[in-house]
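Here are the chains, one letter per residue:
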Amino acid sequence: MASTSQPLRGKRACKKIFWAVFPHACFILSLVIYAFLGALMFSHIEGNRKVNLSEEYRNFLQDLWYISRNLTDNMTENEESFKKEIHTLLNKAKRDWFVNPKDIWSFFGSLFFCCTVFTTVGYGNTYPVTRTGKYLCMLYALFGIPLMFLVLTDMGDILATVLSKSYNEFRKLQSKLLAFKLCSGSTCNRGDRVLSKVAANEPLNIVEMLKNQSAVKRKPVQYRNAEIFELLIARENEYKKPSRSKSIERWSSCPELDRGKTMSRVIENFDKIGKELEKLDVPIVLMVLVIFVYISCAAAILPNWETSLDFQEAFYFCFITLTTIGFGDTQLEHPKFFLFFSLYIIIGMEIVFIAFKLGQDRLISLYKKVISFCGEKKMPSKKVF
């Protein structure tokens, strides 16, 4: 019986892990497929468009030729007027006159454009020119942006859980070190040994525990109460644990019920999206430090293939990207290499999103305190006769 139940438990554990990961993988896979389909669509529509030399372009060339012909050898006399005329003329120039659509709208170039659309970065250096491309871009953004926000919220839950657990573990370690310093060595050690031997089948009564545990009385009041309540909660959770042996037999004997239970768990996982992010409460200073370190790592790597950028320019570019500002003043020479950083961009946008949410919560709390303070000041004091 034990030999058959062990593989069954292993199989059930694998299924449980698969269905737990399934919603997250489903969102990310949907976004990847959506990006690839958009890249194929835009590369076909915008890359194959015909470039027609307009009358405006011919006038531009004529004006440029006229200015260069009138330029004399003595630049000191007409340098200012030449600069002014050239500046006015170049402002009329359009980027589409000097580029080949196939070079810009290659598959990787179109994929980079799609990423800037649904992440709402929008650098502005690549944009659709044809009327069909513009209409499809609006439609593509209409469905792509909600999908991207869904992925950000889902992955933000995972990141929030990791940050919360890490921060809580750090606080526990900090409190233990503080308790170790404040506590007298011999008394605390004996008390800890006595408290650790509390049986789970003892009555769940705080009065009886205080009477029975004589070592507790020798501890400071704050540590005494904390340890008592921790033990009570642990024992209560022990009583609440359901027996798994009967449930395994029941679900294994009825595959329909097992399938229904699995589907209900998957639906519950979908319903839990965004819950962990709402419960996150870590210091805003910690999030600012995480953002700084995260951007610095990318800023140190990016100049290896983008040789025109130094560390400061790369840091500025990453910050503008992750905050979805996207001025477009910094252009990448090799955008397809930056696509390998797509996972970096998604995680970075989640970190920034979490930091913004924490900042928003702090601002709301500050406004509440200010309004409460002003209300108390303006409230007239009641006279007691």
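Read on for a plain summary of the structure. Worth saying up front: this structure is predicted, and the values here are computed from it rather than measured.

Turning our eyes to something else, we now look at the overall build of the protein. Secondary structure assignment for the protein yields 17 helices and 0 strands. Considering only contacts in the protein between residues 6 or more positions apart, those separated by 24 or more positions represent 75%.

Further remarks concern unusual backbone geometry. A positive phi angle, close to 60°, is found at Thr 120, a residue other than glycine. Here Thr 120 shows up in the loop between helix H5 (107–118) and helix H6 (131–182). The class for Thr 120 is partly exposed, based on a relative accessible area of 31%. Residues other than glycine seldom take positive phi values, yet Thr 324 does so here, at roughly 60°. If you trace the backbone, Thr 324 turns up in the loop between helix H15 (311–322) and helix H16 (335–338).

Before going further, it helps to spend a moment on empty space enclosed by the protein. Where empty space is left becomes clear once a probe the size of a water molecule has been rolled over the atoms. Using the criterion set out here, one finds 4 cavities of 30 Å³ or more in the structure. A volume near 60 Å³ is recorded for the largest cavity. Taken together, Arg 49, Arg 95, Asp 96, Val 99, Ile 104, Trp 105, Thr 126, Tyr 127 and Val 129 form the lining of the largest cavity.

The next point concerns helix H14 (residues 284–301). A rise of 1.5 Å per residue sets the reference length of H14, with its 18 residues, at 26 Å; its end C-alpha atoms lie 26 Å apart and thus fit the reference within 8%. All of the buried residues along H14 are Met 287, Ile 291, Tyr 294, Ile 295, Ser 296, Ala 298 and Ala 299.

Our focus in this paragraph is the pattern of salt bridges. Taken as a whole, this structure holds 2 salt bridges when the rule is applied. Across the pair Arg 49 and Glu 46 runs a salt bridge, and its minimum N-O distance is 3.8 Å. Glu 46 carries the same exposure label as Arg 49, and that label is buried. Of the charged contacts in the structure, one is a salt bridge between Asp 361 and Lys 357, with a shortest N-O distance of 3.3 Å. On the criterion of helical spacing, the pair formed by Asp 361 and Lys 357 is a turn pair, its members being 4 residues apart in helix H17 (residues 342–378).

Quick look at the packing of H14 against H15 now. To describe two helices that pack against each other, one gives the angle between their axes and the distance between the axes. Closest axis-to-axis distance for the H14/H15 pair is 8 Å, and the angle between their directions is 125°. With respect to H15, the element H14 is oriented oblique. Handedness of the H14/H15 crossing: right-handed. Residues Phe 292, Tyr 294, Ile 295, Ser 296, Ala 298, Ala 299 and Ala 300 of H14 lie in contact with H15, whose contacting residues are Phe 311, Ala 314, Phe 315, Cys 318, Phe 319 and Leu 322. Along the lines of polarity and charge, the residues of the contact of H14 with H15 split into 12 nonpolar, 1 polar and no charged.

What counts and how
- Residues numbered from 1 in each chain as written.
- Predicted model: local features only at pLDDT ≥ 70, side-chain atom pairs only at ≥ 80, totals over all residues.
- Heavy atoms only, no water.
- Helix = DSSP H or I, 4+ residues; strand = E, 2+ residues; numbered from the N terminus.
- Contact = heavy atoms within 4.5 Å.
- Buried < 20%, exposed > 50% of the residue type's maximum accessible area, 1.4 Å probe, protein only.
- 1 Å grid on protein atoms, 1.4 Å probe; cavity = no way out; pocket = protein on both sides within 12 Å on 5 of 7 lines; lining within 4 Å.
- Points joined across faces, edges and corners; volume = space filled by probe spheres on them.
- Expected span 1.5 Å × (residues − 1).
- Salt bridge = Lys/Arg side-chain N within 4 Å of Asp/Glu carboxyl O.
- Axes fitted to C-alpha atoms, helices over the stretch in contact; angles between N-to-C directions.
- Parallel < 35°, antiparallel > 145°, perpendicular 65-115°, else oblique.
- Left-handed = near helix turned anticlockwise from the far one by under 90°.
- Nonpolar A, V, L, I, M, F, W, Y, C, P; charged D, E, K, R; others polar.

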